[in-house]
Amino acid sequence: MSSPVAKKMKSTKVIGTHSGTFHCDAATPPSVRAATNALTAVDPLDIVVDVGGVYDPAKQRYDHHQRGFTEVFGFGGYDRTKLSSAGLVYKHFGKHIIAKQLGVPESDPKVETLWLQLYGELIESIDGIDNGVNIAQGELAYAQRTDLSSRVRRLNPRWNEPASDDDYDARFAVASKTTGDEFLQQLDYFANAWLPARDVVKEALEKRHEVDPSGKIVVFKQDHLFSLEPTMAKETKILYVLYPENPDNENSKWRIQCVPESPDSFTNRKSLPAAWRGLRDEELSKESGIPGGVFVHASGFIGGNETFNGVLAMARAALNE
């Protein structure tokens, strides 16, 4: 193994992937680049990612390009997207990485929760993009090129830019750091912000009938609703979320937000009344018959009132509209 990067490695394990142009799935799993093209050069490597034509966890081989490969994540309902090498490595090592980063055993329940969440929020998109899976059926309304895979792809030398193997290795090192930083940043957010919020949301769902007998109005911020709702509110779906603009201010104004049909949808389960949309202040209060009106967005997905009782009245009126 003559790769200059391999010689610099401090680990006793040698990780190999292909040389030349790289994609996000190859840059995500390994922390170093071991340049290799020929299959005969793969055998001495401890771990092989995205090359070699073999998927065999027992032998630490994680390629997805071979004919007949159909592996999916297979946990938490993620069984639609064929895995790339990123998904393969994450499937087998993700829990260990998360547990080590958090300083807890792999058996800790939050490790499983974060493992599933990070797959859906980060890794699955890498798998889908690398395998050519469209994010939606039909023509997309606009281009989206700020995703991690696009950022990594742009780190490659341009088509009209001379580049040596050393250039590719140096750029791959930047790509590996980029993907590693992204993973750790998302893990930090989900472990230290998203996960603790689940208990708050769970409590709010349990108390939703105290807010309104319909059970269709809850008081909290919207995170976690879609993951917890199926187990907490089987008899009905939440239509409106109420929350203070400034939770630290007891005199804060309040907002009412419509719940979309899905986390990525711009279609609401039930929008605020059309007659309110685009109105503000006194004009809104007069039209709605509810004092303290602040605004309702022109699209009807969000509105505001001076008080909690005001947004609750707005929600109840919208339910009956």
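Parameters and conventions
- Residues numbered from 1 in each chain as written.
- Predicted model: local features only at pLDDT ≥ 70, side-chain atom pairs only at ≥ 80, totals over all residues.
- Heavy atoms only, no water.
- pLDDT = per-residue confidence, 0-100.
- Helix = DSSP H or I, 4+ residues; strand = E, 2+ residues; numbered from the N terminus.
- Contact = heavy atoms within 4.5 Å.
- Salt bridge = Lys/Arg side-chain N within 4 Å of Asp/Glu carboxyl O.
- Buried < 20%, exposed > 50% of the residue type's maximum accessible area, 1.4 Å probe, protein only.
- Expected span 1.5 Å × (residues − 1).
- Bend = angle between axes of the 7 residues up to and from the residue.
- Polar contact = N/O pair within 3.5 Å; in protein donor to acceptor, adjacent residues only side chain to side chain.

A. Just the confidence of the model for the protein, in detail. Counting all residues, the mean pLDDT for the protein is 81, and 84% of those residues have values of 70 or more. Within the protein, helix α1 (residues 4-8) has the poorest average pLDDT of any element, 36, and helix α9 (residues 281-288) the best, 96. This stretch, residues 1-11, has a pLDDT under 50; its non-local contacts, to residues over four places away or in other chains, come to 18 contacts.

B. Seen up close, the pattern of salt bridges. Counted by the stated rule, this structure contains 8 salt bridges. For D108, the salt bridge is made with K110, and the minimal N-O distance between the two is 3.2 Å. Here D108 falls in the buried class, since its relative accessible area comes to 18%. Relative accessible area serves as the criterion here: at 31%, K110 is assigned to the partly exposed category.

C. Just helix α3 (residues 85-102), in detail. For α3, built from 18 residues, the straight-helix expectation of 26 Å at 1.5 Å per residue is met to within 8% by its first-to-last C-alpha distance of 24 Å. Along α3, the helix axis deviates most sharply at F93, where the bend reaches about 60°. Those residues of α3 not exposed but buried are S85, A86, G87, L88, V89, Y90, K91, G94, I98 and A99. Just downstream of α3, G103 is the residue with a positive phi angle, here 70°.

D. Spatial organisation of unusual backbone geometry. You will see that Q60, though not glycine, has its phi angle at about 60°, which is positive. Take Q60: it is sitting in the loop between β4 (55-56) and β5 (61-62). Given the relative accessible area of 25%, Q60 is considered partly exposed.

E. Here's a closer look at helix α10 (residues 308-319). Spanning 12 residues, α10 covers 17 Å between terminal C-alpha atoms, matching the ideal 16 Å at 1.5 Å per step. The set of residues buried in α10 consists of G310, V311, L312, M314, A315, A318 and L319. Regarding α10, its N-cap is T307, as a side-chain oxygen of that residue lies 3.0 Å from the backbone nitrogen of G310 further along.

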